[in-house]
Amino acid sequence: MKLPSRLIPFVFLAALGCQSHSTAPAPTAADPTPLKEAARGLFRVGAAINAGQITGRDAVGSRLLATHFDSITAENNMKWMHIGPAPDRFNFDLPDRFVALGERLGVQVIGHTLVWHSQAPKWLFHDADGSEVSREELLRRLRHHVATVVGRYKGRVAGWDVVNEAIRDEDGTLRTDKPWYRILGEEAVFAAFEAAHQADPDAELYYNDYGLENPVKRAGVLKLIAAIRARGLRIDGIGSQGHYGLDWPLLSEIDASLVDFAQAGLKVMYTELDVTVLPRPENYFGAEISKIYKLAPELDPYRAGMPADKQAELAKRYADIFAIFAKHRESITRVTFWGIHDRMSWLNNWPIRGRTDYALLFDRAGEPKPAFHAVVEALQAAQKP
Ligand code: G3I
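Residues numbered from 1 in each chain as written. Predicted model: local features only at pLDDT ≥ 70, side-chain atom pairs only at ≥ 80, totals over all residues. Heavy atoms only, no water.

With respect to the side chain of Q108
Stage number 1. The topology assignment puts Q108 in strand β3 (residues 108–116).
Stage number 2. Of the residues examined, Q108 reaches a relative accessible area of 16% and is grouped as buried.
Stage number 3. Reaching out from Q108, the side chain makes a polar contact with the side chain of S71 at a distance of 2.8 Å.
Stage number 4. Dropping the residues within four chain positions of it, Q108 is found in contact with R44, D70, S71, I72, A158 and R334. (Helix = DSSP H or I, 4+ residues; strand = E, 2+ residues; numbered from the N terminus. Buried < 20%, exposed > 50% of the residue type's maximum accessible area, 1.4 Å probe, protein only. Polar contact = N/O pair within 3.5 Å; in protein donor to acceptor, adjacent residues only side chain to side chain. Contact = heavy atoms within 4.5 Å.)

Concerning the nonpolar core
Stage number 1. Counting residues in each nonpolar core, the largest one holds 107 residues, and the members touching the most others are W160, W180, F322 and F325.
Stage number 2. In terms of residue count, the dominant contributor to this core is helix α9 (residues 187–199) (nine residues).
Stage number 3. When residues no more than four places from it in sequence are discounted, the contact partners of F322 are F43, L273, V335, F337, V375, A378 and L379. (Core = buried A, V, L, I, M, F, W, Y, C linked by side-chain atoms within 4.5 Å.)

Some points on the packing of aromatic side chains
Stage number 1. Inspection of every chain in the model, using the stated rule, returns 16 aromatic pairs.
Stage number 2. With centroids separated by 5.2 Å and ring planes inclined at 85°, the aromatic side chains of F125 and W180 adopt a geometry described as edge-to-face. With F125 in the loop between β3 and α7 (135–152) and W180 in helix α8 (residues 179–184), this residue pair connects regions lying 55 residues apart in the sequence. No difference in accessibility class separates F125 from W180, as the two residues are buried. (Phe/Tyr/Trp six-rings, centres within 6.5 Å; stacked < 30°, edge-to-face > 60°.)

So, helix α4 (residues 59–68)
Stage number 1. When we look at burial in α4, the residues that qualify are G61, S62, L64, L65 and H68. Down the axis, α4 shows its buried residues gathered within 165° of arc, on one side only.
Stage number 2. Against the buried residues of α4 lie α2 (35–38), β1 (44–49), α3 (51–55), β2 (71–74), α6 (93–105) and α14 (370–383). (Arc of directions from axis to C-beta.)

Let's talk about unusual backbone geometry
Stage number 1. A cis amide bond links H112 to the next residue, T113, at an omega of -5°.
Stage number 2. By secondary structure assignment, the location of T113 is in strand β3.
Stage number 3. At the junction of W248 and P249, the peptide bond is cis and its omega measures out at -10° in the coordinates.
Stage number 4. For D88, which is not a glycine, the phi torsion comes out positive at approximately 60°.

Here it is as C-alpha cells:
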C-alpha cells in the first residue's frame, strides 16, 4: 500500500509507540471514580453537550455523561442562531430534549447563551429592507427572545449565561465594534439581565467570558458587573471560561483572578474548561489544515496519537489547575468541561479546522486519560482534612 507522503511522519510516530486513538485500551474491570464524586463538597463538575449526547447517538459520550457529571450546558443548541433562526421562528426541538435529559439524569441544567455577538442570526440586526435595525427595535427583539427562551424553561434551567463575551481583550472596554454594543451600548447587557430575571425570577444569572486571567480584561468585566449591580439588576456570578493551554495562563494568573472574583463577592464558575496541547500560530487562524499540511505538519503534531510525555504534561497541568480550584472552593460553585471526550472537542476545528487535539479528560474512545486520574487525585487530596 502506498501512503500519501503527508501521512508518513505520523505512521512513523505511531510505530515509535504513540498511543493511537484507534487502538485505545480495553475498559478496565474497576470503574474509575466518578468526577462528580471526587469533587463532592467542593463544586459541581459539568460538561457541555451537543446533539450527539442529547439524542444518545454518541453512546460513549452519553455513558460518560451519566457517570461523571452533575451539570450540563448546551454547547451550541441554545445559541440564538440555532434557537431563533428567523424572526418569530423558534427551534426548540434539541433545547427541549437537552432540558429533559438533564431532568432525567437529575443534574443541573445551564442555558448558554442569550446575548452574544457571535452565532447571532443574520436577520437580527437588520430590518426587512436591509437597513440596520433601530435601537428600539433591537431592544424589543432582545427582550422578546429572552422572555421566550428563558420563560419556556422557567423553573427547569438552573442558571443562564445571560451575556457572553461583551468585553474586549485589549483594553477591557465594551465591544462597540459589534452590533449589540454599537447600537445599544451597555443597555444590551442591562436589558438582557432584566428580561431574564423577569422571565424566571428563580434562575441564576451569569456574565460569561474568556481570558479573565488578563488583569486589564478582568477589570473591564468587573466594572461591567458593578454597573449591572448599580442598576439594581440581579447577577449571581461570573463564568470564567477557562480555555487554557499547557503553559498559559500562568497558574499565578488564575489564582489572582480568583482572588479578585472573591473580593467582588461573586460566585465563580469555570464554564468551558479545556487545555489545548496544539500550537496556536496567529497567522494560521481559520486556515484549513489540509491546505497547509505540506507547509507546516508541526501544526498538527499528534495526529497518530499523543506521546506519553505529552500525556504526562497535560495531566500535570490539569492537576495544577484543579489544585488552585480546590484552594478557592469557597468561591467556585461549578467547573464545566467544554465537551466530554477528545473526539467532540471544538479545538479539533479551531483555530485550524481538522486537527487532532487532546484537550479533555477522556480520549476518543471514551477511556480516562492520565489527566483524568490526575484530576481525581487532586480533588481527593483537597478532600483530606
Ligand atoms: O454542524 C455544522 C456541520 O454541519 C458543518 O459541516 C460544519 C462545517 O464547518 O460546521 C458545523 O457547525 C459548527 C458547530 O460548531 C458544530 O460543530 C460551526 O461551523 C462552528 O462555528 C461551531 O463552533 C462552535 C463555536 O462556539 C461557535 O458557536 C463550537 O462548537 C463551540 O464549542 C464554541 O463554543 C464557544 C462558546 O459558545 C463561547 N465561548 C467560546 C467557545 C469556543 O469558541
